[in-house]
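Residues per chain, in single letters:
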Amino acid sequence: MEKPASVPKVKAPAKAAGRTGTIITLSVGILLAILFAASTAYSGMKAGLTVAAGIPGAIIGSAVVRAFAKRRGYAGTNEMQGMASGGETIASGMIFVLPAVLLIGAQINFFEAVLVGTMGVLFGVGTAAIVENHLIIASKDSLLYPEAMAISETIRASAEGGAGLKMMGAGFGIGGLLTMLTGSMFGLINNHFVLYGAREFKWKFELEVNPLLAGIGFIVGMQVAIQMFAGSILANFAIAPLIGYFTDMAHGSNEVWNAAGVTVNSLGFDGIAGAYNRYLGAGMMLAGGLIGAIKLIPVIGRSLKATLGGNEKKSKFGIFLLGFSIVAVFILSSLFSGNLMIGLLGGALAMVLAFVFVVVAANLTGTLGTSNLPVSGMTIASLVLLTVLFVVMGWTSEFDLRSLLLLATFVVTAISIGGGYSQTQKATELVHADRPQMQRRFLIAAVLGTITVVGVIVMLAGQLADTSENASFALPQANLIAALTSGIITGKLPFTIIFIGIAMGIVLHLLKLPIMTVAIGFYLPMATTAIILVGAIVRLIVEGRNKEKNAGRVQNGISMASGLIAGGSIIGLTGILLSISGVLTHGTPTGWLAGNAAAAALLGMLVLAMLWVLRKRNVSAKATK
């Protein structure tokens, strides 16, 4: 999302200022929190990317206010977008770590995971609330919060027109319809285009026609999409063929390191990707996380000094939340692990790391926004330190590893909350609404989001635990975390391959390329990055040569893309749940509908539908927001 240089403050109508939430805005806010939590969890586990919910929430909220609660004005709209952000924020953090419990072969207890996530919410909100006045009021000239500014401007503009909601509806319809036709629900048509190279040059090109991924591509734009796709090109057309060139020379008795009974010289592209490429990608992501954490050290010092050393008014409610969560984390971590020392030492280290990185996340959001917040990097750094503690203390059983990942889930939830909460409160300040009221609404939304995300993960546990090449969910961050923690503790990590990946990540850093973006592209199947690139290309077409002239069309496109993500993820999740419950049996495409030609035709339908919805030119940006 493009960040405006400056957006003027928006004054709320007098009747709306300081009012408590109505039943309508609260009810819709709860629904949005649940919707965006489920949608973000599904799409994030698919692609490793998440999209902020503030602007779509503002568009929907504005329509609700105009139809049912006009007296609530901007304040009512802001409450609903803030609650949408609360649900989405939970998913944007928790899905990076919690599924790793399944990947190591353990089980997730629903109530246990909800309590862990809820403590992360309370700790994150409590910490961010303590430093809130400094970051939002005292630092208003240095911390601009670009996405909060965009949200406040969207709230103002959405009150004057409903085009954005129509675009979201169109996107939801397109995304939902195409998802219903494919394997996610009825399975009537193949949506996976794939080509393999010859044995002498083992490459693979693939593209999954997935509307939610196309929507993500439209929103993130060409730069991010092309960087991810570059990672896939490196993996599929350089590294895998290079490894394949040498594996063909291997002696027949040499077996793959992680697949007993499979000889190295028998590996095709998919075997090479599973045994080698994914661990190179893990090393690259590890390098990106650690380098990002090291670069944050000066920011950590400045943030803590500025926010904790000032004399600004502290939030009493924030102090209460923080104190309550500290006691609860000590107790729960001891009970869940069955080890008092894990509860005391592990819980203490987890809370220290969470406190530091929540402050940093809240500070960085003022500069980068939540969409660009390096949550995964801060999480990886925290996880490495926690893992070292567990190894030193001899806590190396499978049950101890599960306890470690639950502590990391607490940390990542708190970190993501720190950024999302600060951005929501800044938007609230910009529309002159009631920040204490929004604090309570955000807290409710985040707890509901925690319940929703854990519920989605538990219901999809069987599919999320699948680590095969054609797994339904890529889970790049969770796979990295599972491999890293279990590998360090058991000593079974392919350290040589990981170190080579780290070296590749360092090279990317020296070339001033975004390590995590390229690494995720390297790790993910090309099927995912290719369709994200298609969505970015559609945005490029819509922008044309004159970005300012077509700003309105692009804003329409962002609304439509949000609908694509919501439609694709909600219908896809519904199809999976119906299948799990036995209500629906996925069909199997046959004949022409099962081949690459059908996938190509489906791709054409998706692109043409997106362009047709955005066909109007010279639309003013003001009228479309």
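Reading the values: rules and limits
Residues numbered from 1 in each chain as written. Predicted model: local features only at pLDDT ≥ 70, side-chain atom pairs only at ≥ 80, totals over all residues. Heavy atoms only, no water. Salt bridge = Lys/Arg side-chain N within 4 Å of Asp/Glu carboxyl O. Helix = DSSP H or I, 4+ residues; strand = E, 2+ residues; numbered from the N terminus. Buried < 20%, exposed > 50% of the residue type's maximum accessible area, 1.4 Å probe, protein only. Axes fitted to C-alpha atoms, helices over the stretch in contact; angles between N-to-C directions. Parallel < 35°, antiparallel > 145°, perpendicular 65-115°, else oblique. Left-handed = near helix turned anticlockwise from the far one by under 90°. Contact = heavy atoms within 4.5 Å. Nonpolar A, V, L, I, M, F, W, Y, C, P; charged D, E, K, R; others polar. Patch = residues over 30% accessible without salt bridge, like charges linked within 9 Å, V, L, I, M, F, W, Y side chains within 5 Å. Areas by Shrake-Rupley, 256 points an atom, 1.4 Å probe, with all protein chains shown as cover. Pairing = 2+ DSSP bridges.

Caption draft 1: Summary view of the pattern of salt bridges. The final tally for this structure, using the stated rule, is nine salt bridges. Glutamate 79 is the partner of arginine 441 in a salt bridge, and the nearest nitrogen-oxygen pair spans 3.7 Å. Remark: glutamate 79 occurs in helix 3 (residues 73-94) and arginine 441 occurs in helix 16 (residues 435-459); sequence separation between them is 362 residues. Overall, glutamate 79 belongs to the buried group, its relative accessible area being 4%. Salt-bridge contacts for glutamate 112 lead to arginine 402; the nearest nitrogen and oxygen are separated by 2.6 Å.

Caption draft 2: How the structure looks around the packing of helix 10 (residues 269-295) against helix 20 (residues 515-523). It is the contact of helix 10 with helix 20, at a shortest axis distance of 8 Å, that shows an interaxial angle of 165°. Taken together, the axes of helix 10 and helix 20 are roughly antiparallel relative to one another. In this structure, helix 10 crosses over helix 20, and the sense of that crossing is left-handed. Side by side, helix 10 and helix 20 meet where Asn277, Arg278, Leu280, Gly281, Ala282, Met284, Met285, Gly288, Gly289 and Ile291 of the first sit next to Ile515, Met516, Val518, Ala519, Ile520, Phe522 and Tyr523 of the second. Residues belonging to the contact of helix 10 with helix 20 are distributed by class as follows: twelve nonpolar, four polar and one charged.

Caption draft 3: Examining a nonpolar patch on the surface more closely. A grouping of Leu340, Met341, Leu344, Leu345, Val388, Val392 and Met393 is seen on the molecular surface, where their side chains present a nonpolar patch of about 620 Å² in accessible area. When residues of the nonpolar patch are traced back to their parent elements, those giving at least two are helix 13 (340-368) and helix 14 (375-393). The residue valine 388 is located in helix 14 in this model.

Caption draft 4: Quick look at the pairing of strand 2 (residues 204-208). For strand 2, the buried fraction is high: four of the five residues fall into the buried class. As paired strands, strand 1 (residues 192-196) and strand 2 are joined by five bridges and run antiparallel to one another. Residue pairing across strands places phenylalanine 193 opposite leucine 207, the latter belonging to strand 2.

Caption draft 5: Representation of the packing of helix 5 (residues 110-130) against helix 12 (residues 316-337) within the structure. Helix 12 packs onto helix 5 with a crossing angle of 150° between their chain directions and a minimal axis gap of 8 Å. Judged by the angle between their axes, helix 5 and helix 12 are roughly antiparallel. In the crossing of helix 5 with helix 12, the sense of the turn from one axis to the other is left-handed. Residues Glu112, Leu115, Val116, Met119, Leu122, Phe123, Val125, Gly126, Thr127, Ala129 and Ile130 of helix 5 form the contact with helix 12, whose participating residues are Gly318, Ile319, Leu321, Leu322, Phe324, Ser325, Ile326, Ala328, Val329, Leu332 and Phe336. Partitioned by chemical class, the residues of the contact of helix 5 with helix 12 number 17 nonpolar, four polar and one charged.

Caption draft 6: Representation of the environment of leucine 103. Its place among the elements puts leucine 103 in helix 4 (residues 99-103). Owing to a relative accessible area of 17%, leucine 103 belongs among the buried residues under this scheme. Along the primary structure leucine 103 and alanine 483 are separated by 380 residues, whereas in three dimensions their C-alpha atoms are 8.5 Å apart.

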